[in-house]
Amino acid sequence: IAENMEELKGNYVYIARSDCNTELAYHPIPKRIIFKATQKKFPEYNFPSVDCLMMSVAEFYRERTIGVVLTGMGRDGTMGLERI
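Residues numbered from 1 in each chain as written. Predicted model: local features only at pLDDT ≥ 70, side-chain atom pairs only at ≥ 80, totals over all residues. Heavy atoms only, no water.

**Concerning the overall build of the protein**
For the protein, the helix and strand inventory stands at 2 helices and 2 strands. At 12 Å, the protein has a C-alpha radius of gyration in line with the 12 Å of a compact globule built from 84 residues. Within the protein, the proportion of its 84 residues that are buried is 29%. Relative to all contacts within the protein whose residues are 6 or more apart in sequence, the contacts with residues 24 or more apart total 52%. (Helix = DSSP H or I, 4+ residues; strand = E, 2+ residues; numbered from the N terminus. Rg over C-alpha atoms; globule rule 2.2 N^0.38 Å. Buried < 20%, exposed > 50% of the residue type's maximum accessible area, 1.4 Å probe, protein only. Contact = heavy atoms within 4.5 Å.)

Structural data, given as structure tokens:
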């Protein structure tokens, strides 16, 4: 489970927490990308919303991002995939 303030590392699989939304954030000291728990709300589904995570991944990794939605609730993931 991706813990709040945990550094994002390669070769790991992370699962979003169920009690909040998860996004990526930049932590300046040391310079790294971390997971950040947030209470941001999304129109389709919340806690966890894949839109929240995908939108932040697209912000950090831009054209190097690939998004895949295997299942979902309603249209959750649509905004995130569009951003990617």
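**A word on the pairing of strand 1 (residues 21-27)**
Buried residues dominate strand 1, accounting for 6 of its 7 residues. Here strand 1 runs beside strand 2 (residues 32-38); their pairing, made up of 7 bridges, is antiparallel. Bridge assignment links leucine 24 to a residue of strand 2, and that residue is phenylalanine 35. (Pairing = 2+ DSSP bridges.)

**Observations concerning a nonpolar patch on the surface**
A cluster of nonpolar residues, Ile66, Val68 and Leu70, forms a patch on the protein surface that exposes about 410 Å² of accessible area. Assignment of secondary structure puts isoleucine 66 in the loop between helix 1 (50-61) and helix 2 (78-83). (Patch = residues over 30% accessible without salt bridge, like charges linked within 9 Å, V, L, I, M, F, W, Y side chains within 5 Å. Areas by Shrake-Rupley, 256 points an atom, 1.4 Å probe, with all protein chains shown as cover. Salt bridge = Lys/Arg side-chain N within 4 Å of Asp/Glu carboxyl O.)

**A few points about the packing of aromatic side chains**
Applying the stated criterion across every chain, the model contains 2 aromatic pairs. When the ring of tyrosine 14 is compared with that of phenylalanine 35, the centres are 4.6 Å apart and the planes differ by 55°; the resulting orientation is tilted. Residue tyrosine 14 is found in the segment before strand 1, and its partner phenylalanine 35 is found in strand 2; the two are separated by 21 residues along the sequence. Among the residues examined, tyrosine 14 registers a relative accessible area of 22% and is labelled partly exposed. An aromatic cluster is built from Tyr12, Tyr14 and Phe35, whose rings are joined through pairwise contacts. (Phe/Tyr/Trp six-rings, centres within 6.5 Å; stacked < 30°, edge-to-face > 60°.)

**What to know about the side chain of serine 56**
Summarising the element assignment, serine 56 is placed in helix 1. Residue serine 56 is classed as buried on the basis of its relative accessible area, which comes to 5%. Contacts of serine 56, omitting those with residues within four sequence positions, involve Glu23 and Leu24.

**Some remarks on unusual backbone geometry**
Most peptide bonds take the trans form, and the phi angle of most residues other than glycine is negative. Look at the link from isoleucine 29 to proline 30: it is a cis peptide, with omega at -10°. Note that proline 30 resides in the loop between strand 1 and strand 2. The omega angle of the peptide bond from phenylalanine 47 to proline 48 is -5°, so this bond is cis rather than trans. Relative to the elements of secondary structure, proline 48 occurs in the loop between strand 2 and helix 1. The residue phenylalanine 47 is not glycine, and still its phi comes out positive at about 60°.

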